[in-house]
Amino acid sequence: MEGLDEIRLTGLRVFGRHGVYPDERRDGQWFVIDFAVGVDTRPAAHSDDVADTVHYGELAERVAAIVEGEPVDLIETLAARIADALLEPAPVRSAEVTVHKPDAPIPLTFVDVAVTIRRAKGAASASPAGDRGVAL
């Protein structure tokens, strides 16, 4: 987010039903979301008015609604949907999203699985047709 200020929220914990396996959709699991948006905070710093910035509480509610909403197979898809929503407010110029899936169905001991994506306004966030990611 070069040249921009940053508003960051970490550790947003939301229950969702995302995943490739039927039991992930049926039983659901907790996801942890970290995000940052690139904005110019100078107008808000000068006015000391929330109307001159992006309200991080509203962004968090937007993100939570996506995680609680329509299930997807991949956390890559979930991260892209979140990034698209974070880019909607006019002051936001870029977004970085990390989706953590700490209870991913991996039969080994691990701490976390995460995908991080970065998007900028005007850049497409969807993968090209036919491009396949790794299913998580």
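The rules behind these values
Residues numbered from 1 in each chain as written. Predicted model: local features only at pLDDT ≥ 70, side-chain atom pairs only at ≥ 80, totals over all residues. Heavy atoms only, no water. Helix = DSSP H or I, 4+ residues; strand = E, 2+ residues; numbered from the N terminus. Buried < 20%, exposed > 50% of the residue type's maximum accessible area, 1.4 Å probe, protein only. Contact = heavy atoms within 4.5 Å. Areas by Shrake-Rupley, 256 points an atom, 1.4 Å probe, with all protein chains shown as cover. Pairing = 2+ DSSP bridges. Axes fitted to C-alpha atoms, helices over the stretch in contact; angles between N-to-C directions.

Visitor: I'm lost on the overall build of the protein chain in this one. Help?
Guide: Each helix and strand in the protein chain was counted, giving 4 helices and 4 strands. Mapped in sequence order, the helices and strands of the protein chain form the string β-α-β-α-α-α-β-β. Within the span of the protein chain, comprising 136 residues, buried residues form 39% of the whole. Within the protein chain, contacts between residues at least 6 apart in sequence are counted, and of these 62% link residues at least 24 apart. On the protein chain, roughly 8,000 Å² of surface is accessible, and the fraction owed to carbon and sulfur atoms is 52%.

Visitor: What exactly am I supposed to notice about the sheet that holds strand β3 (residues 94-100) here?
Guide: Hydrogen bonds along the backbone pair up the strands of a sheet, which may run parallel or antiparallel. Sheet architecture is open: 4 strands sit in the order β1-β2-β3-β4, paired in antiparallel fashion. Each of the sheet's edge strands pairs with one partner strand only, and the pair in question is β1 (5-16) and β4 (114-120). Neighbouring strand axes in the sheet, compared pairwise and without regard to direction, differ in orientation by 15 degrees on average. Strands β1 and β2 (29-39) of the sheet are contacted by helix α3 (residues 56-68), whose axis makes an angle of about 35 degrees with β1. Across the sheet, helix α4 (residues 75-86) touches β2, β3 and β4, and the angle it forms with β3 is around 145 degrees.

Visitor: Could you clarify how one ought to interpret unusual backbone geometry in this entry?
Guide: Glycine aside, a negative phi is what most residues show, and trans is what most peptide bonds show. The phi angle at D48 is positive, at roughly 60 degrees, despite the residue not being glycine. Here D48 shows up in the loop between α2 (42-47) and α3.

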